[in-house]
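One letter stands for each residue in the lines below.
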Amino acid sequence: MSVLVGHLYPDYLNIYADRGNIAVLTERARARGHALEVAAIGIGDPVPDGIDLFYVGGGQDREQEIVAPDLVDKGDALQEAVAGGAAFLAVCGGYQLLGRSYVDVAGNHVPGIGLLPLHTVAGETRMIGDVLLDCAWAGQSLAGFENHAGRTILDAGAEPLGRVVAGFGNDGATGFEGCRAGRVYGTYLHGPLLPRNPWFADLLLSEALAHAGVETTLEPLDDVIESSAHAVAAERARTRGGKR
Ligand code: GLN
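**Topic: the nonpolar core**
Proteins that are soluble and globular tend to have nonpolar side chains buried together. With 66 residues, the main nonpolar core has Phe54, Phe88, Leu89, Leu98, Leu142, Leu194 and Phe200 as its most contacted residues. Broken down by element, this core gets its largest block of residues, 8 residues, from helix H4 (residues 198-211). In this structure, leucine 98 is in contact with Val56, Phe88, Ala90, Ile113, Gly114, Leu115, Leu116 and Val184, ignoring residues within four places of it in sequence. Core analysis: the second largest hydrophobic core is formed by 6 residues, Ala143, Ala166, Ala233 and Ala237 among them.

Have a look at this one:
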């Protein structure tokens, strides 16, 4: 079976090797006999039909300002695709643009598409370091790296991706990180995220496969290296995450 991934703005939103997340999804799909095709969706490109999983990475304020008007133009098509069951992973700057708006460090109002119930306002300091999350909804943890000025405020009743065990998270105050709404996941976790969190990669993959019409349980892979990478990142976060 083939899974179609729509990679939004790969030329503009791709810091901290966020592109590596696509490589992990491709490899974990291949290991289960599924092909994963990637469609790059840039400025001015239409949103192709049949995308099973959308992906957008992080970027500096300048890059976010460049892509935001185009993303707003794609807003309806993305809302429709998600309403049709497509999954979505958005990292950092991309995560902020899935909310209603981002007020950046210079005070510019950058519009978002409101796919996630949140908004973001940049603060004076950057929140940088290793992060460890407890994702009780999945009985798992996520480990990664954050670097953002934005403080993300979730709407009342919105579901965070995880509780911050170590690190800053959405705003360095609420103790929560990220946001999830159905098959849409937003997070500040770079690294890239998926190599050291294989369970989350498989969750996205199985949701993308389900959208492609393949209801399947992915057989486990030998994730020894991934698990030790997770353990190292988690330990780093415990010892130094969230410290200014
Ligand atoms: N420019 C945004 C911020 O500073 C996002 C940064 C990022 O993607 N790492 O908050």
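**Focus on the site of the ligand**
The ligand sits among 16 residues. The nearest are Gly59, Asp61, Gln64, Cys92 and Gly150. At a separation of 3.0 Å, an oxygen atom of the ligand approaches a polar side-chain atom of arginine 126. Bound to the protein, the ligand loses 99% of the 300 Å² it would expose on its own. Those elements that provide at least two residues to the shell around the ligand are helix H2 (61-83), helix H3 (93-98) and strand S8 (140-154). Ranked by residue count, the leading element in the shell around the ligand is S8, at 4 residues.

**A few points about a nonpolar patch on the surface**
Taken together, the side chains of Tyr12, Ile43 and Ile66 present a nonpolar region at the surface, about 230 Å² in accessible area. Mapped onto the fold, tyrosine 12 is located in the loop between strand S1 (2-8) and helix H1 (20-30). Judged by relative accessible area, which is 34%, tyrosine 12 ranks as partly exposed.

**A look at the sheet that holds S1**
Ordered in space as S2-S1-S3-S4-S12-S11, the 6 strands form an open sheet in which the pairing is mixed. Of all strands in the sheet, those with a lone pairing partner are strand S2 (35-41) and strand S11 (179-181), marking the two edges. Neighbour-to-neighbour, the strand axes of the sheet open up by a mean angle of 15°, direction not taken into account. With 7 bridges connecting them, S1 and S2 associate as parallel partners. Bridge pairing in S2 places histidine 7 opposite alanine 40.

**Points about H1**
One full turn of an α-helix is made of 3.6 residues, so residues set three or four places apart face in the same direction. Those residues of H1 that sit buried are Asn21, Ile22, Val24, Leu25, Arg28 and Ala29. Each buried residue of H1 lies within a common arc of 160° when the element is viewed along its axis, so the set occupies one face. Looking at the buried positions of H1, the neighbouring elements they touch are S1, S2, strand S3 (53-56), strand S4 (87-91), H4 and helix H5 (224-240).

**Some points on the packing of aromatic side chains**
Inspection of the entire model under this criterion finds 6 aromatic pairs. Here the aromatic rings of tyrosine 185 and phenylalanine 200 are separated by 5.4 Å at their centres, their planes lie at 90°, and the arrangement is edge-to-face. Taken as a pair, tyrosine 185 in strand S12 (residues 184-187) and phenylalanine 200 in helix H4 lie far apart in primary sequence, 15 residues in all. Exposure remark for tyrosine 185: the relative accessible area of 3% places this residue in the buried category. We classify phenylalanine 200 as buried; its relative accessible area is 0%. A centroid spacing of 5.3 Å and a plane angle of 55° characterise the contact between tryptophan 199 and phenylalanine 200, whose relative ring orientation is tilted. Taken individually, tryptophan 199 and phenylalanine 200 each receive the classification buried, so the pair is uniform in this respect.

**Quick look at the layout of surface pockets**
The volume enclosed by the largest pocket comes to roughly 180 Å³. Lining the largest pocket are Val47, Pro48, Asp49, Gly50, Ile51, Phe54, Ala77, Glu80, Ala81, Gly84, Ala86 and His211. In terms of residues, the lining of the largest pocket owes the most to one element, H2, which gives 3 residues. Considered class by class, the residues forming the lining of the largest pocket number 7 nonpolar, 3 polar and 2 charged.

Procedures and definitions
- Residues numbered from 1 in each chain as written.
- Predicted model: local features only at pLDDT ≥ 70, side-chain atom pairs only at ≥ 80, totals over all residues.
- Heavy atoms only, no water.
- Core = buried A, V, L, I, M, F, W, Y, C linked by side-chain atoms within 4.5 Å.
- Buried < 20%, exposed > 50% of the residue type's maximum accessible area, 1.4 Å probe, protein only.
- Helix = DSSP H or I, 4+ residues; strand = E, 2+ residues; numbered from the N terminus.
- Contact = heavy atoms within 4.5 Å.
- Near = heavy atom within 4 Å.
- Polar contact = N/O pair within 3.5 Å; in protein donor to acceptor, adjacent residues only side chain to side chain.
- Areas by Shrake-Rupley, 256 points an atom, 1.4 Å probe, with all protein chains shown as cover.
- Patch = residues over 30% accessible without salt bridge, like charges linked within 9 Å, V, L, I, M, F, W, Y side chains within 5 Å.
- Salt bridge = Lys/Arg side-chain N within 4 Å of Asp/Glu carboxyl O.
- Pairing = 2+ DSSP bridges.
- Axes fitted to C-alpha atoms, helices over the stretch in contact; angles between N-to-C directions.
- Arc of directions from axis to C-beta.
- Phe/Tyr/Trp six-rings, centres within 6.5 Å; stacked < 30°, edge-to-face > 60°.
- 1 Å grid on protein atoms, 1.4 Å probe; cavity = no way out; pocket = protein on both sides within 12 Å on 5 of 7 lines; lining within 4 Å.
- Points joined across faces, edges and corners; volume = space filled by probe spheres on them.
- Nonpolar A, V, L, I, M, F, W, Y, C, P; charged D, E, K, R; others polar.

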